[in-house]
Amino acid sequence: MMDTSKDESGKINDNKPSYSEEYVKSLSGRLEKAVRFQTISHEDPAQFKEEEFKGFQNFLEKAFPKVHATMAKEILGNYSLLYTWKGVGEKELPILLAAHIDVVPAETQSGGNWIYPPFQGHIADGFIWGRGTMDDKVSVLGILEALEKLLHEGYVPNRTIYIAFGHDEEVGGRDGAAKIAALLNSRRVILDYVLDEGSTIIRGVIPNVSKSVALVGIAEKESLNIELTVDIEGGHSMMPPRQTTVGIMSSAINKLEQNQFPTRMEVPVRKMFETLAPEMPFGMRVVFSNLWLFEGLVKKKLATTPSTNALVRTTTAPTIFQAGVKENILAPRARAIVNYRLLPGDTTDKVLLHVRKTINDPRVMIVALEGPKSEPSFLSDTGSKGYRAIEKAILQVFPEVIVAPGLVIGATDSRHYSPLTQNIFRFLPICVCSDDLQRFHGTDERISTQNYTDVVKFYTQLIRNEGSIQNLPSE
Ligand SMILES: [Zn+2]
């Protein structure tokens, strides 16, 4: 393994395929412009800005003329896009590359604590700054750049490639990815694999591993919201009962936090550590190579940090707590939402049972809101051609990283495609150091121009590896 230098941005050494300075500049410029469209998904649909989404569509048409002249484009749910690049071979099943157009809001449109305003689009200090540069316009633009480049080279893929950009991933994907999946399903499309966002290249996040690790998610945790309500007759606060709605709800939440789900090591996490063990210092290598013996110890250690705790537990997060309208009136109703993130294998019923048993108070109404159906998300095959193709493209662009399978702790649009394929992989090659983790959905979201160039190279390489009638040599 060659010695490589990395700067504190997490940017990785020079790569094999090299792009001209001018081209790199134009790549960054287009991502910078993409940030300026406020394609925000709000919990409140009234805040949705149609013109921003339409504007973004027009921008894509202008920025990627070859893609739009060559590929069939279908619009679903008004703003989601499905492109079809027809392959010339009939033998292999098509693949689907997914990303999402929408972003989460910034605390204020002008930016609050941001160094550069979140929707201004700004290139400075070697970075492209703004909402969407990590999640997930980076991927939308990165994929389109790769396609545009390959089309310029006259490349024609052997198999059909679908490109699916949802517009409501941040609020569940029901109008976007779900509709795209339903359309493909109605056409009886079966996909070899789906590649979506999810995991990244991380450094300094996994204990005892100093090298950068490209994690390819082979499963994801599902999100489940449990609603708790307490309804009791209100009244004046000068004659309070022994326990109020506020007190009952506080006690219920407290019990849930005190009685977390037990830790458990599921297959994707186990596989991750098995892959990474040889990279660890001797003592740790012994521990992580012998999980049959040391699993308890490892789980205990992982549970001490929130980012690794989420890998070994169905997590409990009270996110909404509402009660009361006036300082001298007893609140007649208290309501709370607890967001659970389920390990593969856990189900809505299992969580409900746990919540009921733990709270054990008939005054608290417990209801599961939207959540996964009873079957847990499946595991994608690390021995499949798809996994190997992704691994190959990663190593071509980032030769010094270790590629390992992993568990995605957030939910992605990719789950909507599960009826169409056996294999969903979740990976976006952005380099994330531990202090970058809070930039996701947080302030000062950014990507280095070098890293963004590598994102484009990765998608280009992945598609190129599929082979073409022209059989062009790799760059
Ligand atoms: Zn995302």
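Quick caveat, the model's predicted, so the values are computed rather than measured. (Residues numbered from 1 in each chain as written. Predicted model: local features only at pLDDT ≥ 70, side-chain atom pairs only at ≥ 80, totals over all residues. Heavy atoms only, no water.)

Regarding the sheet that holds strand 13 (residues 333-342)
Here is step 1: As summarised here, the arrangement of the four strands in space is 11-13-9-14, forming an open sheet in which the pairing is antiparallel. Two strands lie at the open edges of the sheet, namely strand 11 (315-323) and strand 14 (364-368), each paired on one side alone. Each neighbouring strand pair of the sheet contributes to a mean axis angle of 20 degrees, computed without reference to strand direction.
Here is step 2: Two strands pair when backbone bridges link them, and strand 9 (residues 222-231) and strand 14 are joined in this way by five bridges, in the antiparallel orientation. Paired with Leu228 across the strands is Ile366, a residue of strand 14.
Here is step 3: This element, helix 11 (residues 348-359), spans strand 9, strand 13 and strand 14 of the sheet and lies at about 170 degrees to strand 14. (Pairing = 2+ DSSP bridges. Helix = DSSP H or I, 4+ residues; strand = E, 2+ residues; numbered from the N terminus. Axes fitted to C-alpha atoms, helices over the stretch in contact; angles between N-to-C directions. Contact = heavy atoms within 4.5 Å.)

Re the coordination of the zinc ion
Here is step 1: Binding of the zinc ion to the protein goes through His100 (NE2), Asp135 (OD), Glu197 (OE) and Glu197 (OE), at separations of 1.9 to 2.5 Å.
Here is step 2: Taken together, the four donor atoms surrounding the zinc ion define angles of 54 to 147 degrees at the centre, an arrangement classified as irregular.
Here is step 3: Expressed as a motif, the donor residue spacing for the zinc ion is H-x34-D-x61-E. Here Asp135 lies in the loop between strand 5 (127-129) and helix 4 (137-152) and His100 lies in strand 3 (residues 95-100), a separation of 35 residues in the sequence. (Donors = N, O, S within 2.8 Å, 3.2 Å for Na, K, Ca; no water. Tetrahedral: all angles 85-135°; square planar, octahedral: opposite > 155°, others 65-115°.)

Points about a nonpolar patch on the surface
Here is step 1: A cluster of nonpolar side chains, Met365, Val367 and Leu369, forms an exposed patch at the surface whose accessible area comes to about 240 Å².
Here is step 2: Assignment of secondary structure puts Leu369 in the loop between strand 14 and helix 12 (385-397).
Here is step 3: Overall, Leu369 belongs to the partly exposed group, its relative accessible area being 36%. (Patch = residues over 30% accessible without salt bridge, like charges linked within 9 Å, V, L, I, M, F, W, Y side chains within 5 Å. Areas by Shrake-Rupley, 256 points an atom, 1.4 Å probe, with all protein chains shown as cover. Salt bridge = Lys/Arg side-chain N within 4 Å of Asp/Glu carboxyl O. Buried < 20%, exposed > 50% of the residue type's maximum accessible area, 1.4 Å probe, protein only.)

With respect to the pattern of salt bridges
Here is step 1: Taken as a whole, this structure holds 22 salt bridges when the rule is applied.
Here is step 2: Close ionic contact of Arg36 with Glu32 constitutes a salt bridge, the shortest N to O distance being 3.4 Å.
Here is step 3: Note that Glu227 and Arg335 form a salt bridge whose closest N and O atoms lie 2.7 Å from each other. Highlighted residues: Glu227 in strand 9 and Arg335 in strand 13, separated in sequence by 108 residues.

Re the packing of helix 1 (residues 21-35) against helix 4
Here is step 1: With their axes 10 Å apart at the nearest point, helix 1 and helix 4 run at an angle of 140 degrees to one another. Judged on the interaxial angle alone, helix 4 and helix 1 are oblique. Remark: the crossing between helix 1 and helix 4 carries right-handed chirality. Residues Tyr23, Leu27, Arg30, Leu31, Ala34 and Val35 of helix 1 form the contact with helix 4, whose own contacting residues are Lys137, Val138, Leu141, Glu145 and Lys149.
Here is step 2: In terms of residue class, the contact of helix 1 with helix 4 is made up of seven nonpolar, no polar and four charged. (Parallel < 35°, antiparallel > 145°, perpendicular 65-115°, else oblique. Left-handed = near helix turned anticlockwise from the far one by under 90°. Nonpolar A, V, L, I, M, F, W, Y, C, P; charged D, E, K, R; others polar.)

Observations concerning the packing of aromatic side chains
Here is step 1: Counted according to the given criterion, the structure contains 17 aromatic pairs.
Here is step 2: Look at Trp85 and Tyr155: their rings are 5.8 Å apart centre to centre, the planes differ by 55 degrees, and that puts the pair in the tilted class. Placement of Trp85 in strand 2 (residues 80-85) and of Tyr155 in the loop between helix 4 and strand 6 (161-166) is noted, with a sequence separation of 70 residues between them.
Here is step 3: Accessibility expressed as a relative area gives 4% for Trp85, which makes it buried.
Here is step 4: Ring-pair connections join several aromatic residues into one group, and the members of that group are Phe37, Phe56 and Phe59. (Phe/Tyr/Trp six-rings, centres within 6.5 Å; stacked < 30°, edge-to-face > 60°.)

Description of the sheet that holds strand 4 (residues 122-124)
The strands that make up a sheet pair up through hydrogen bonds in the backbone, lying either parallel or antiparallel.
Here is step 1: Reading across from one edge, 4-5-17 is the order of the three strands in this open sheet, with antiparallel pairing throughout. Taken across any chain shown, the strands that pair with only one partner, and hence form the sheet edges, are strand 4 and strand 17 (446-448). The sheet shows a mean angle of 25 degrees between the axes of neighbouring strands, taken without regard to direction.
Here is step 2: Two strands pair when backbone bridges link them, and strand 5 and strand 17 are joined in this way by three bridges, in the antiparallel orientation.

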